[in-house]
Amino acid sequence: VSRVYWGYGYNGAAAREYEYDIAAGTWTEKDLPHSSWVNGGTNGIAIGKGKNDGYNYIYAAGNAGKWNDPIGRIDQCSWSGSSWTIVEIATAALSMTDIAVGNANYLNDTSNRQVYASNADGRIYMYNWNGADYEKIIVGTATSAINAVAVGNGWYPNGNSCVYAVSGDSHV
């Protein structure tokens, strides 16, 4: 089954994430509620095995506050078979602008336990699952807000994945 995930939110409206799947040519919408993001917004959604346990999770990045009080937040969402479980894995002083899941070999291992988030503070954060909790590591810093983050092989010739980001100062 193929699924599409989409999120939104803005000042005065609760952030919401949705799952869409298609069967017999008809799309079905399911709600992934974030009741604690009362005035926030969803800026990015990623799917991946961020805990290295073989299961895919949905990660949502955004802000939990109003536009003028953008408290950054990352949630990990999982489906139990009957309901969604949403766990806050990180907060930040400014809005989380995007999210990616993958192994950029930053820790010189082959695990799939890293979640990367870009932030309005100009930093890329890596949240590494240590078996009990996510450890926060600063991967890089730009001179302005980082708007997008991705993990992949890109141009790196030896086959290792890298973290790529785009900042407001027109740099990649």
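Keep in mind the model is a prediction, meaning the values are calculated, not measured.

## Regarding the overall build of the chain
Here is step 1 of the chain: Per the secondary structure count, the chain includes 0 helices and 13 strands.
Here is step 2 of the chain: Going from the N terminus to the C terminus, the chain shows its helices and strands as β-β-β-β-β-β-β-β-β-β-β-β-β.
Here is step 3 of the chain: Per-residue burial over the chain gives 40% buried out of 172 residues.
Here is step 4 of the chain: Considering only contacts within the chain whose residues lie at least 6 apart along the sequence, 38% involve residues at least 24 apart.
Here is step 5 of the chain: When the accessible surface of the chain is split by element, carbon and sulfur atoms take 50% of a total near 8900 Å².

## Describing the sheet that holds strand β11 (residues 134-141)
Here is step 1 of the chain: Spatially, β8-β9-β10-β11 is the arrangement adopted by the 4 strands of the open sheet, whose pairing is antiparallel. A strand with exactly one partner marks an edge of an open sheet, and here the two such strands are β8 (96-101) and β11. Going from strand to strand, the sheet's axes swing by 25° on average, the running direction of each strand aside.
Here is step 2 of the chain: Looking at chain direction, strand β9 (residues 114-119) and strand β10 (residues 123-129) are connected through 5 bridges and run antiparallel. Within the sheet, the bridge partner assigned to Gln 114 lies in β10 and is Asn 128.

## Considerations on the pattern of salt bridges
Here is step 1 of the chain: Throughout the structure, instances matching the rule amount to 3 salt bridges.
Here is step 2 of the chain: Of the charged contacts in the structure, one is a salt bridge between Glu 88 and Arg 73, with a shortest N-O distance of 3.4 Å. With Glu 88 in strand β7 (residues 84-92) and Arg 73 in strand β6 (residues 72-79), this residue pair connects regions lying 15 residues apart in the sequence.
Here is step 3 of the chain: Owing to a relative accessible area of 42%, Glu 88 belongs among the partly exposed residues under this scheme.
Here is step 4 of the chain: Under the relative-accessibility criterion, Arg 73 is labelled buried at 11%.

## Some points on the pairing of β6
Here is step 1 of the chain: The buried fraction of β6 amounts to 6 of the 8 residues, a majority that puts the element mostly inside the structure.
Here is step 2 of the chain: Relative to β6, strand β5 (residues 57-63) is paired through 6 bridges, and the arrangement is antiparallel. Looking at β6, one finds that Gly 62 is bridged to Arg 73.
Here is step 3 of the chain: One ladder, built from 8 bridges, connects β6 with β7; its direction is antiparallel.

What counts as what
- Residues numbered from 1 in each chain as written.
- Predicted model: local features only at pLDDT ≥ 70, side-chain atom pairs only at ≥ 80, totals over all residues.
- Heavy atoms only, no water.
- Helix = DSSP H or I, 4+ residues; strand = E, 2+ residues; numbered from the N terminus.
- Buried < 20%, exposed > 50% of the residue type's maximum accessible area, 1.4 Å probe, protein only.
- Contact = heavy atoms within 4.5 Å.
- Areas by Shrake-Rupley, 256 points an atom, 1.4 Å probe, with all protein chains shown as cover.
- Pairing = 2+ DSSP bridges.
- Axes fitted to C-alpha atoms, helices over the stretch in contact; angles between N-to-C directions.
- Salt bridge = Lys/Arg side-chain N within 4 Å of Asp/Glu carboxyl O.

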